[in-house]
Amino acid sequence: MKITWSFSALDMYNIDNEQHYYDLSVFYTYKANRFSLGYAKQVEGIVCTGGVCRFEPAFSGVKMGLTSSF
C-alpha cells in the first residue's frame, strides 16, 4: 500500500492592476484516489488540466477535489 502527500504553492501576478492570484494546495493519494484541499484566489478564464479545458469564474476561498481511477 502506497500513501503519498504532495504540496504546491504558486502565485500569478498581474502587472496591469498589481494583483496577486495565489494557490496553496495539499494533495493526498491513497490507492486509486487523490484528494485535494487548497486555498486560492483565482482569476476568471479558461483553465486546462490534463487536456481538458473549461471556463472557471473568478473565485477566492477554499476548494476541495477528488479524483478516482478505475
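Whatever comes next refers back to the structure up there.
Treat the numbers as computed from the prediction; the structure is a model and nothing was measured.

Caption draft 1: Molecular detail of the sheet that holds strand 2 (residues 19-30). Pairing is antiparallel in the open sheet, where four strands are placed in the order 1-2-3-6. Edge positions in the sheet fall to strand 1 (3-14) and strand 6 (59-68), since each of these pairs with one other strand and no more. Strand-to-strand, the axes of this sheet are offset by a mean angle of 10°, without reference to chain direction. Relative to strand 3 (residues 33-42), strand 2 runs antiparallel, the two being bridged by eight bridges. Across the sheet, the residue bridging to Tyr30 is Asn33, located in strand 3.

Caption draft 2: View of the side chain of Asp23. Inspection of the secondary structure assignment puts Asp23 in strand 2. On the basis of relative accessible area, Asp23 is assigned to the buried category, the value being 14%. Those residues in contact with Asp23, other than ones at most four positions away along the chain, are Ser8, Ala9, Leu10, Tyr39, Ala40 and Lys63.

Reading guide: rules and limits
Along each chain, the written sequence defines residue order, and numbers are assigned to residues from 1. Reporting in this predicted model follows two pLDDT cut-offs: at least 70 for local features of residues, and 80 or more for side-chain atom pairs to be given and counted; totals over whole chains, interfaces and linings ignore these cut-offs and use all residues. Side-chain figures throughout are based on the complete set of non-hydrogen atoms in the structure, without hydrogens or water. Strands qualify as paired when DSSP identifies two bridges or more between them. Where helices and strands are cited, they refer to DSSP runs of H or I of at least four residues and of E of at least two residues respectively, numbered from the N terminus. Helix axes are fitted to C-alpha atoms over the stretch in contact, other axes to C-alpha atoms as well, and angles between N-to-C directions run from 0 to 180 degrees. Burial status follows relative accessibility: with a 1.4 Å probe on protein chains alone, a residue under 20% of its type maximum counts as buried, one over 50% as exposed, and anything between as partly exposed. The contact rule is simple, with two residues in contact once any of their heavy atoms fall within 4.5 Å.

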